[in-house]
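Coordinates in review
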Amino acid sequence: MQLKKLIQNYSNFILVSLLAGFSFLINFNYGFIGLMPMDNTVLFNGGFRVLNGYVPFSDYWLVTGPLLDYLNAFFFKILGLSWKTFIIHSSLINLLLAVTSFYFFINLEVPKIFSFFYSLLISILFYPVVGTPFVDHHSTFFLVLSFYFLIISIKYSKYNYFFFIPSILLLSFLSKQTPAVYGIISITILVLFLYYIEKQLFKKIVLNSILGIFISLTLFLFFFLVSKIEINNFILQYLFFASSIGGDRLDTYHFNLFNELDNYKFIYFFVFLLAFLILKIVRDKIQDKKNLFVIICSITLSLVLIFHQMITLNQNFIFFIIPFLCGVFHSFYQKIYDRKIFLFIPILICIFSVTKYHLRFNEERKFNELEKVDISKAVDAEVLDSKLKGLKWITYLNPENPYKEINDIREILRILKDEGSSKMIITEYQIIAPILGVYDNSPNQWHHPSVSFPLNKNKYFELYKDFFVSKVKKYKINFIFETRSDNNTITELVLSPECYFSKKERISNMLIRLKINKNCEDFK
């Protein structure tokens, strides 16, 4: 018996080691291939800001989670400020999801080799599609983890797991509001549903949940005390303004059933298979409420992620849920049906869909808008700065001539380095400040008008303008520099025309300089 256990533990160790190595390295590889200037560099600068003592919501306007800025700062502190460190961070999260998924499937009694297989497929489609740390992916990672805890806690009556779920959801929320909020609402409803399944032990579930909520709120307050984030700014930026964006998206979203079914057809295929299992369990009067709950939770997680994907402006990233659903289906299929031949078809569909999305999102880098770009033209970004060593620089902004784009950025770096006066830098290339080793004094972390900050017609615009002006005053800004290929600047969307001298000065192919007039009405 001891020998059998030893062999089992050794085989687990080998599989987990292989899985950990693969899931880390696949993301580490794709994290160095191409980039979208704003989305792939904004958190690099965010980590640099926090590393140098600047505070989210107070020193810069932020509508996404602050957690990643602090996590990136931690990695930069330990391993040094570099693109390599940046990708190590996201690669470790991909590794953690793969390994936790393996043990999750093992606990669902999926055969070991298939648990390894499904976890491997998850790691191919989770973080590698973007490569760099990204708020949606971190929030989703913690959300999936909370569902894993919920499912295992009910399946094996480990109700102490409910103590950890609120803290995991808090980490999801501090990464990004959505899909975290959708998950919190869904899990709350599922916990209430547990009253039907575990009436006698429901009190224990509630007590562990309440204790977990108390601890998570304590940690939440501790985070604010340590980080020195101003609670009023957090509420305004992260809750009120961000929720207004979500409300606008819901109001303007045009639902098309056929388009949505087509976009997520492989996910829906496995959702329908699981729904069919529910019908069979109910029809055959199989007295197994816990397994029924597991299937319902799995479907709920999938629908939460689909809903989030439908109303977000980002590229699709939720296809990693396909092997997750296939693994759950595998677990229950073998308990209900004797014929294994019918399991063969869903596995083939799973492999086909993962291969399809791997080629589209990983190889072609679709998430980073590079699907029609010849990536072989990429240039080693080390020519720009040693911190970017290994990054194959190519963007959708100048796909035919990445050397020109790099030379334009080098010219910007030279100009900004020689500029002696107090300046504010507003740019989608958020590697500029870390390369120069300076704080950019930008009032925002992100620079997407109406999404990252309110525009004139938004009810929070005046508050934002006051925030913008306060930063110009605080840092004694004389000039605002913006990287633009056109002449439409962010500054013009915020300040009145009399607040900057009417003549905008283009001082390079991609750089505009505006001189600030602090005698205008906005500064009074």
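All of the points below concern the structure found in this document. (Residues numbered from 1 in each chain as written. Predicted model: local features only at pLDDT ≥ 70, side-chain atom pairs only at ≥ 80, totals over all residues. Heavy atoms only, no water.)

A closer look at the sheet that holds strand β5 (residues 505–506)
- Read across the sheet, 4 strands follow the order β3-β4-β6-β5 without closing on themselves; strand pairing throughout is mixed. Each edge of the sheet is formed by a strand with only one pairing partner; in this case those strands are β3 (423–426) and β5.
- Pairing of β3 with strand β4 (residues 479–483), which is carried by 4 bridges, proceeds in the parallel orientation. Bridge pairing in β4 links isoleucine 425 to phenylalanine 481.
- Strands in contact with helix α16 (residues 402–418) are β3, β4 and β6 (511–515); relative to β6, the strand with the most contacts, it is inclined by about 25 degrees. (Pairing = 2+ DSSP bridges. Helix = DSSP H or I, 4+ residues; strand = E, 2+ residues; numbered from the N terminus. Contact = heavy atoms within 4.5 Å. Axes fitted to C-alpha atoms, helices over the stretch in contact; angles between N-to-C directions.)

Details of the packing of aromatic side chains
- Counted by the stated rule, this structure contains 53 aromatic pairs.
- Geometrically, the ring pair formed by phenylalanine 57 and phenylalanine 234 is edge-to-face, given 5.2 Å between the ring centres and 80 degrees between the ring planes. Taken together, the positions of phenylalanine 57 in the loop between α2 (37–51) and α3 (67–79) and phenylalanine 234 in helix α10 (residues 231–252) put the pair 177 residues apart, joining distant regions of the chain.
- Look at phenylalanine 234 and you get buried, because its relative accessible area is 3%. (Phe/Tyr/Trp six-rings, centres within 6.5 Å; stacked < 30°, edge-to-face > 60°. Buried < 20%, exposed > 50% of the residue type's maximum accessible area, 1.4 Å probe, protein only.)

Overview of empty space enclosed by the protein
- Counted according to the given criterion, the structure contains 1 cavity of 30 Å³ or more.
- When its volume is computed, the largest cavity comes out at roughly 40 Å³.
- Residue lining of the largest cavity: Leu97, Ser101, Ile122, Val144, Tyr148, Leu301, Phe320, Ile321 and Phe324, and that is the complete set. (1 Å grid on protein atoms, 1.4 Å probe; cavity = no way out; pocket = protein on both sides within 12 Å on 5 of 7 lines; lining within 4 Å. Points joined across faces, edges and corners; volume = space filled by probe spheres on them.)

Brief notes about the layout of surface pockets
- Of the volumes computed, that of the second largest pocket is approximately 510 Å³.
- Lining the second largest pocket are 18 residues, with Pro166, Leu169, Ile184, Thr188 and Ile213 positioned closest to its centre.
- At the level of elements, α7 (165–175), α8 (177–197) and α9 (202–227) are the ones that each hand at least two residues to the lining of the second largest pocket.

Quick notes on the state of the cysteines
- Enumeration according to the criterion identifies 1 disulfide in this entry.
- One disulfide in the model links cysteine 499 with cysteine 520; its S-S distance is 2.0 Å. In this structure the cystine formed by cysteine 499 and cysteine 520 twists about its S-S bond by roughly 95 degrees; its chirality is therefore right-handed. One end of the pair, cysteine 499, is in the loop between α19 (491–494) and β5; the other, cysteine 520, is in the segment after β6, with 21 residues separating them in the sequence. (Disulfide = S-S within 2.5 Å.)

Considering the pairing of β4
- Taken across its 5 residues, β4 has 5 buried, putting it largely inside the fold.
- Covered by surrounding structure in β4 are Phe479, Phe481 and Thr483 together with Ile480 and Glu482, the residues of both alternating faces.
- Pairing of β4 with β6, which is carried by 5 bridges, proceeds in the antiparallel orientation. What sits directly across from threonine 483, in β6, is leucine 511.

Things to note about the packing of helix α12 (residues 265–283) against helix α15 (residues 341–363)
- Close contact between α12 and α15 brings their axes to 10 Å; oriented N to C, the two are set at 155 degrees. As summarised for this structure, α12 and α15 are arranged roughly antiparallel, according to the angle between their axes. Both α12 and α15 take part in a crossing whose hand is left-handed. Between α12 and α15, the residues in contact are Lys265, Phe266, Phe269, Phe270 and Leu273 and Pro346, Ile349, Cys350, Phe352, Ser353, Lys356 and Tyr357, respectively.
- Classifying every residue of the contact of α12 with α15 by side-chain character gives 9 nonpolar, 1 polar and 2 charged. (Parallel < 35°, antiparallel > 145°, perpendicular 65-115°, else oblique. Left-handed = near helix turned anticlockwise from the far one by under 90°. Nonpolar A, V, L, I, M, F, W, Y, C, P; charged D, E, K, R; others polar.)

Description of helix α4 (residues 83–107)
- Taking 1.5 Å of rise per residue, the 25 residues of α4 would be expected to cover 36 Å, and the 37 Å separating its terminal C-alpha atoms lies within 8% of that figure.
- The buried count for α4 comes to 18 of 25 residues, which makes it a mostly enclosed element.
- Note on α4: the residue one or two positions beyond its end, glutamate 109, has a positive phi of about 70 degrees. (Expected span 1.5 Å × (residues − 1).)

Digging into the side chain of serine 452
- Inspection of the secondary structure puts serine 452 in the loop between α17 (432–436) and α18 (461–474).
- Look at serine 452 and you get buried, because its relative accessible area is 3%.
- In this structure serine 452 touches Trp61, Val63, Phe241, Trp446 and His447, once residues within four positions along its chain are discounted.

So, unusual backbone geometry
- The omega torsion across threonine 178 and proline 179 is 15 degrees, close enough to zero to call that bond cis.
- On the secondary structure map, proline 179 appears in helix α8.
- Of note, the phi angle at asparagine 441 is positive, near 60 degrees, even though the residue is not glycine.
- When you line up the elements, asparagine 441 lands in the loop between α17 and α18.
- Positive phi, close to 75 degrees, is recorded for serine 450, a residue that is not glycine.
- Relative to the helices and strands, serine 450 resides in the loop between α17 and α18.
- A relative accessible area of 38% places serine 450 in the partly exposed class.

Purely geometric stuff here, so don't read any function into it on its own.
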